[in-house]
Amino acid sequence: MLLSYRVLGIAAASAVAFSVPGLAEPVAPDGLGPSAFTAPGAFPTSAYKHYYNSPTATSAQPQPVISDPVTHEIYPFELTNPDTLPKNNTRDPHILPPKASSGQLLESAFAQVLSIAGNPTFGTNTCARCQAALQAAKFLALAAPEEGPALAVRLCEHFSFNSDCATQFGIFQLGSVVTQVVANADVGGLDGQMLCSHFLGGLCPAATATPLNLTDWFAKPKPDPLPAAKKPSGKRLKVLHLSDMHIDPRFANGAEANCTTGLCCRENSFNSQSVHEVLFPAPRFGAYLCDSPISLIMSALQAIPVLAGTERTGFDFTVYTGDLVSHDSENQLSRDYISYTETIMYDLFKRMLGTGPVYAALGNHDTYNQAQDAPHSLGGQLADQFSWNYDHVASLWEHEGWLPLSAVETARSHYAAYMVRRQDGLRVITLNTDLANYFNYINMTNPDVSGMLRFLTDELQAAEDAGDAVWIMGHVLTGWDGTNPLTNPTNLFYQIVDRFSPHVIKAIFFGHTHEDQVMIYYANNATVINAQTAGAVGWIGPSVTPLTNLNSGFRVYEVDSATFEIVDAHTWKSDVNAFAQLDAGARPAHGPTYEYEYSTRDAYGAAVAGWGVDDPLNATWWHRVTEGMEANSSLVTMFNTFQGKSSVRSPPCTGDCIAAKICYIRSGSVPIAKQNCIAGFGSVQ
């Protein structure tokens, strides 16, 4: 009873204060007040002088007018009106941190990357750690792109990605390209995974091919049955295949030709074992670790018409599968250097190879920044940043009289790729395969970000509708051992080749590796590999440059003038190992000797029974050659020798290499090579 009296007393005291009569129990003996109190039903209106509503009404709570004795503000009815609850407080300040300067953003991004790198939460998951770090880099690339190259350099130096980070990733080198890519890439998805896999030390595993949806890709299904094949004419065209000239106008006679870093035969070349004294003076016509001096280029161009028997007639046409420019470091390149090289080389082709057009594809070195071409999907000035080069080469091709105006205009607007329909009915389609570069790491789930393969498909459909044969040209090959191109684009290319082979596509040509190689494309993604499913052949042309450890070479095809199928291929080579001997005496009497290396038909034909002298060296023939290789490994040994153009520096092919080489020949895409082949035997360099 003591507690009850206390509560009542307190309530009673309150009631007295506001002069409100209430009902109270008798006072307890201890003087604490009554044990209970019943409040009146009416609100004590005398508590406040003013109200926003009637305080005596029972339909709503009283809303007294409150004045703040500190601010002298009368709080408005809207503040407590139960019928108008606020949605947002738009009156009071909501404090945000101050806007960071570009320099502060750089410091923050760098610190975040280091924090992520050292965060134990990621454990051994280097891929998740790398992609998380790319998120910090992406934010900087978007918010302060001018600081992107600086971040690239600092991270490169901190993690020792390169021995000269400022030269490699500064604003005047690849820094701007890297910043663009990181800003536009999905760094938390496949783009980031592949960037971490290919450029950051394999921190992520390489992704497998993304499943293709070809439902609406082809306008028409493949004809069944296929159109009747055209009958051979018996008349043969001579077609020259040149690739990877890599002229080096900065070649320095007598400079170190056996250097231990960078491109040799340059004034700044040195061997780490003899920094101040040249160990192997650069021969006038070149060496195994150097690009082509102009003396070697001229020697090759002088030899070609004589050896091919085209001094008077010229070639019917020439295919050039890219890479005119030398392997300079990024900091030594410029737009003018690229344009100079294109100008001198196409002029030499015109003047020294005789009549007949040259159909050329850009190589990954034929642009600045090197190995970069931005897809138009980037939009704005980023989409047009390499248009200067497309305009220049298209104008040169027009100037030399090699392309009609329609092809010139296509080349200007479509990454220097184009289609030519020759008067004899052959269509030549050139592709810019250099989009398999940094910029191709943007939206990698799309196998055709640039639209290049859409262009190819549409041109092939037009050729099929017209009953025309097609040759396809590019620089970077689609398969072999799978180490050169990107996975998804080559997967789509393979399906396109399957759709239009063998009735439309008669041959495919690449360069890039500098080696003499070949690939076969099969039906149904090579699920069954045999002579019946072999559909097309990709010829990878030998290079003129000796780099690296190769002889110099070129090839001439004999082509049926009606079917446009290759009937034979002749390859010549020059022994680079003998070039040093040519410098004996003050005025050397002789330059390099280009000599006949082999006929493809003669070298491998004995392994293909029942093949007539005029039957083409098509995909069926090449598959049977690989069957011959399986039965007789000496054919692989010979192939390996030819791959390096008979260079004394080519390693032998034994053991697992035998099966690997056969598998590479049967692999026209990255997924097929990765799935089927033993890795590690792709190159003889």
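The rules behind each value
- Residues numbered from 1 in each chain as written.
- Predicted model: local features only at pLDDT ≥ 70, side-chain atom pairs only at ≥ 80, totals over all residues.
- Heavy atoms only, no water.
- Pairing = 2+ DSSP bridges.
- Helix = DSSP H or I, 4+ residues; strand = E, 2+ residues; numbered from the N terminus.
- Axes fitted to C-alpha atoms, helices over the stretch in contact; angles between N-to-C directions.
- Phe/Tyr/Trp six-rings, centres within 6.5 Å; stacked < 30°, edge-to-face > 60°.
- Buried < 20%, exposed > 50% of the residue type's maximum accessible area, 1.4 Å probe, protein only.
- Lys NZ or Arg CZ within 6 Å of the ring centre and 35° of its normal.
- Core = buried A, V, L, I, M, F, W, Y, C linked by side-chain atoms within 4.5 Å.
- Contact = heavy atoms within 4.5 Å.
- Polar contact = N/O pair within 3.5 Å; in protein donor to acceptor, adjacent residues only side chain to side chain.
- Patch = residues over 30% accessible without salt bridge, like charges linked within 9 Å, V, L, I, M, F, W, Y side chains within 5 Å.
- Areas by Shrake-Rupley, 256 points an atom, 1.4 Å probe, with all protein chains shown as cover.
- Salt bridge = Lys/Arg side-chain N within 4 Å of Asp/Glu carboxyl O.
- Left-handed = near helix turned anticlockwise from the far one by under 90°.
- Nonpolar A, V, L, I, M, F, W, Y, C, P; charged D, E, K, R; others polar.
- Expected span 1.5 Å × (residues − 1).
- Parallel < 35°, antiparallel > 145°, perpendicular 65-115°, else oblique.

Q: Where do I start with the sheet that holds strand E4 (residues 317–320) in this structure?
A: Adjacent strands of a sheet pair through backbone hydrogen bonds, lying either parallel or antiparallel. Pairing within the open sheet is mixed, and its 6 strands lie in the order E5-E4-E3-E12-E13-E14. Among the strands making up the open sheet, the edge pair consists of strand E5 (358–360) and strand E14 (594–599). Between one strand axis and the next, the sheet turns through 25 degrees on average, direction left out of account. By the bridge criterion, 3 bridges tie E4 to E5 in an arrangement that is parallel. Among the inter-strand pairings, Tyr320 is bridged to a residue of E5, identified as Ala360.

Q: Please clarify how the packing of aromatic side chains should be interpreted in this entry.
A: Two aromatic rings, taken as a pair, are described by how far apart their centres are and by the angle between their planes. Overall, the coordinates contain 32 aromatic pairs when judged by the stated rule. Consider the rings of Tyr346 and Trp397, whose centres lie 6.1 Å apart with planes at 70 degrees: the pair is edge-to-face. With Tyr346 in helix H9 (residues 335–352) and Trp397 in helix H11 (residues 387–399), this residue pair connects regions lying 51 residues apart in the sequence. The same class applies to Tyr346 and to Trp397, which are both buried. Put simply, the rings of Phe317, Tyr359, Trp471, Trp480, Phe509, Trp539, Tyr557, Tyr604, Trp621, Trp622, Phe639 and Tyr664 pair up and form one aromatic cluster. Its end group placed over the ring of Tyr337, Arg250 keeps NZ or CZ at 3.9 Å from the ring centre.

Q: Is there a simple way to explain the nonpolar core in this structure?
A: The tendency in soluble globular proteins is for nonpolar side chains to be buried as a group. Counting 178 residues, the largest nonpolar core has Leu242, Phe349, Trp471 and Tyr604 as the members making the most contacts within it. Here this core takes 8 residues from helix H3 (residues 126–143), the largest share from any one element. Counting residues in hydrophobic clusters, the runner-up holds 9 residues, among them Ala257, Cys264, Ala287 and Cys290.

Q: Looking at this structure, I do not really get the environment of Thr626. What am I missing?
A: Here Thr626 shows up in helix H16 (residues 619–631). Residues Thr626 and Ala607 lie 19 residues apart in sequence; the distance between their C-alpha atoms is 8.8 Å. Ignoring anything within four residues of it in the chain, the contact list for Thr626 reads Ile520, Ile662, Ile665 and Arg666. Side-chain polar atoms of Thr626 contact the side chain of Arg666, separated by 3.0 Å.

Q: Please explain a nonpolar patch on the surface as it appears in this structure.
A: On the surface, a nonpolar cluster with roughly 240 Å² of combined accessible area is contributed by Phe43, Tyr48 and Ile66. With respect to the secondary-structure elements, Phe43 resides in the loop between strand E2 (37–38) and helix H2 (102–118).

Q: Help me out: how do you make sense of the packing of H2 against helix H4 (residues 148–159) in this one?
A: Packed helices, taken two at a time, are described by their axes: the angle between them and the distance between them. In the contact formed by H2 and H4, the axes pass within 10 Å of each other and the chain directions differ by 35 degrees. Seen along the crossing, H2 lies across H4 with a hand that is right-handed. Residues Leu106, Glu107, Ala109, Phe110, Val113, Leu114 and Ala117 of H2 form the contact with H4, whose participating residues are Ala150, Leu151, Arg154, Leu155, His158 and Phe159. Its residues assigned to classes, the contact of H2 with H4 comprises 10 nonpolar, 1 polar and 2 charged.

Q: How should I be thinking about the pattern of salt bridges in this particular structure?
A: Where charged atoms of side chains with opposite charge meet at close range, the side chains can pair. A complete count under the given rule lists 21 salt bridges for this structure. A salt bridge links Asp465 to Lys220; the shortest N-O distance between them is 3.0 Å. Here the residue Asp465 occupies a position in helix H13 (residues 452–466), and Lys220 occupies one in the loop between helix H7 (190–198) and strand E3 (236–242), the gap between them amounting to 245 residues. Given a relative accessible area of 48%, Asp465 falls into the partly exposed group. The shortest N-O distance in the salt bridge between Arg422 and Asp424 comes to 2.9 Å. The class of Arg422 is buried, set by a relative accessible area of 14%. A cluster of three or more residues bridged by salt bridges with shared partners is formed by Asp248, Arg250, Arg266 and Asp328.

Q: Just checking my understanding: could you explain H3 for this structure?
A: Every α-helix winds through 3.6 residues per turn, so residues three or four apart in the chain are directed the same way. Helix length check: H3 (18 residues) gives 26 Å between terminal C-alpha atoms against 26 Å at 1.5 Å per residue, within 8%. Among all positions in H3, only Cys127, Arg129, Cys130, Gln131, Ala133, Leu134, Ala136, Ala137, Lys138, Leu140 and Ala141 are buried. Against H2, H4, helix H6 (175–184) and H7 lie the buried residues of H3.

Q: I would appreciate a short explanation of the sheet that holds strand E7 (residues 426–430) in the present structure.
A: Spatially, the 6 strands line up as an open sheet ordered E6-E7-E8-E9-E11-E10, and their pairing is mixed. Because the sheet does not close on itself, it has two edges, and the strands there are strand E6 (418–421) and strand E10 (517–522). On average, each strand axis in the sheet is tilted by 20 degrees relative to the strand beside it, whichever way the strands run. Relative to strand E11 (residues 534–540), strand E9 (residues 505–510) runs parallel, the two sharing 3 bridges. Residue pairing in the sheet places Phe510 in a bridge with Ile540 of E11.

Q: Quick question: what am I supposed to make of unusual backbone geometry here?
A: Backbone geometry follows two general trends: most residues other than glycine have a negative phi, and most peptide bonds adopt the trans configuration. Cis peptide bonds are those with omega within 30 degrees of zero, and the linkage from Asp224 to Pro225 qualifies with 5 degrees. Mapped onto the secondary structure, Pro225 falls in the loop between H7 and E3. The omega torsion of the bond from Leu547 to Thr548 falls at 0 degrees, within 30 degrees of zero and hence cis. Here Thr548 is to be found in the loop between E11 and strand E12 (552–560).

Q: So what exactly am I meant to see when it comes to the packing of H2 against H3 here?
A: Contact geometry of H2 with H3 gives a least axis separation of 9 Å together with a crossing angle of 175 degrees. In terms of axis orientation, H2 runs roughly antiparallel to H3. Contact with H2, carried on its side by Leu105, Leu106, Ala109, Gln112, Val113, Ile116, Ala117 and Gly118, involves Arg129, Ala132, Ala133, Ala136, Phe139, Leu140 and Ala143 of H3 and no other residues of that element. Residues that form the contact of H2 with H3 fall into these classes: 12 nonpolar, 2 polar and 1 charged.

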